[in-house]
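As a plain string of letters, each chain reads:
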Amino acid sequence: MTLEATRYDDGSISYPGHPRGPGGTEPVETIDLSEYTAEIVTWTTSTATPPGVREPNHLAIVEFDVEGESVRAIGQLTTGDVETGDEVRPVSVDELREPGAGIREPESQAWDGYRFEPV
């Protein structure tokens, strides 16, 4: 499993990737963000979570520096014991939420992903 951002032919990078970059340019490669660390831009804790999502659910917007390009992502944190500016790394998890708790058939989607853990 990878946490893939996309680089476009003008050098910009986005996460998630899109068929066209911010300037309308073509994608040229993917970059695995799980190999980088990021800085917490802001974070919050949700105590009213959707079915199957842990409560409380700690979330953050993080910013990766990939060869001088800023790439932001939003995701769950492994802990609420963080501050803005903390360095985090992506860690793979098998289930971001409990598959049987939602309205979708569990087999209809992937449940794995990444959380951000303080370094």
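Quick caveat: nothing in here was measured; it's all calculated off a predicted structure.

I'd like a description of the sheet that holds strand S1 (residues 4-8), backed by residues and values.
Overall, antiparallel pairing links the three strands, which are arranged S2-S1-S3 in an open sheet. For this open sheet the edge positions go to strand S2 (13-14) and strand S3 (27-32), each flanked by a neighbour on one side alone. The pairing of S1 with S2 spans two bridges and is classified as antiparallel. Looking across to S2, one finds that arginine 7 is bridged to isoleucine 13.

Got a sec to walk through the nonpolar core? Specific residues and values, please.
Counting 18 residues, the largest nonpolar core has Leu33, Ile40, Val62, Phe64, Val66, Val71 and Phe116 as its most contacted members. Of all the secondary-structure elements, those providing two or more residues to this core are strand S4 (38-46), strand S5 (57-66), strand S6 (69-77) and strand S8 (113-118). It is S5 that contributes the most residues to this core, four residues altogether. Contact partners of isoleucine 40, with chain neighbours within four places excluded, come to Ala60, Ile61, Val62, Leu77, Val82, Glu83, Thr84, Gly85, Asp86 and Val88.

Lay out unusual backbone geometry in plain terms, naming residues and giving numbers.
Proline 16 follows tyrosine 15 through a cis peptide bond whose omega is -5°. Take proline 16: it is sitting in the loop between S2 and S3. Between glutamate 55 and the following residue, proline 56, the backbone shows a cis peptide bond with an omega angle of 0°. Within the element layout of this structure, proline 56 appears in the loop between S4 and S5. Even without being a glycine, glutamate 67 presents a positive backbone phi close to 55°. Within the secondary structure layout, glutamate 67 lies in the loop between S5 and S6.

Tell me about the sheet that holds S6, and name the residues and values.
Taking strand neighbours around the barrel as the criterion, the five strands line up as S4-S5-S6-S8-S7 in a closed arrangement whose pairing is mixed. On average, each strand axis in the sheet is inclined to that of its neighbour by 45°, with strand direction left out of account. Inspection of the sheet shows S5 paired to S6 by eight bridges, in the antiparallel sense. What sits directly across from leucine 59, in S6, is glutamine 76.

Which residues make up the pattern of salt bridges, and what are the values?
A full pass over the atoms with the stated rule returns five salt bridges. Here arginine 72 and glutamate 63 are joined by a salt bridge, their closest N and O atoms 3.4 Å apart. On the basis of relative accessibility, which here comes to 46%, the residue arginine 72 falls in the partly exposed class. For glutamate 63, a relative accessible area of 27% translates into the label partly exposed. The closest approach of N and O atoms between arginine 89 and glutamate 117, which form a salt bridge, is 2.5 Å. Of the two residues, arginine 89 is situated in strand S7 (residues 87-93) and glutamate 117 in strand S8; the sequence distance between them amounts to 28 residues. Look at glutamate 117 and you get partly exposed, because its relative accessible area is 25%. Members of the salt-bridge network, linked through shared partners, are Arg7, Glu29 and Glu67.

Parameters and conventions
Residues numbered from 1 in each chain as written. Predicted model: local features only at pLDDT ≥ 70, side-chain atom pairs only at ≥ 80, totals over all residues. Heavy atoms only, no water. Pairing = 2+ DSSP bridges. Helix = DSSP H or I, 4+ residues; strand = E, 2+ residues; numbered from the N terminus. Core = buried A, V, L, I, M, F, W, Y, C linked by side-chain atoms within 4.5 Å. Buried < 20%, exposed > 50% of the residue type's maximum accessible area, 1.4 Å probe, protein only. Contact = heavy atoms within 4.5 Å. Axes fitted to C-alpha atoms, helices over the stretch in contact; angles between N-to-C directions. Salt bridge = Lys/Arg side-chain N within 4 Å of Asp/Glu carboxyl O.

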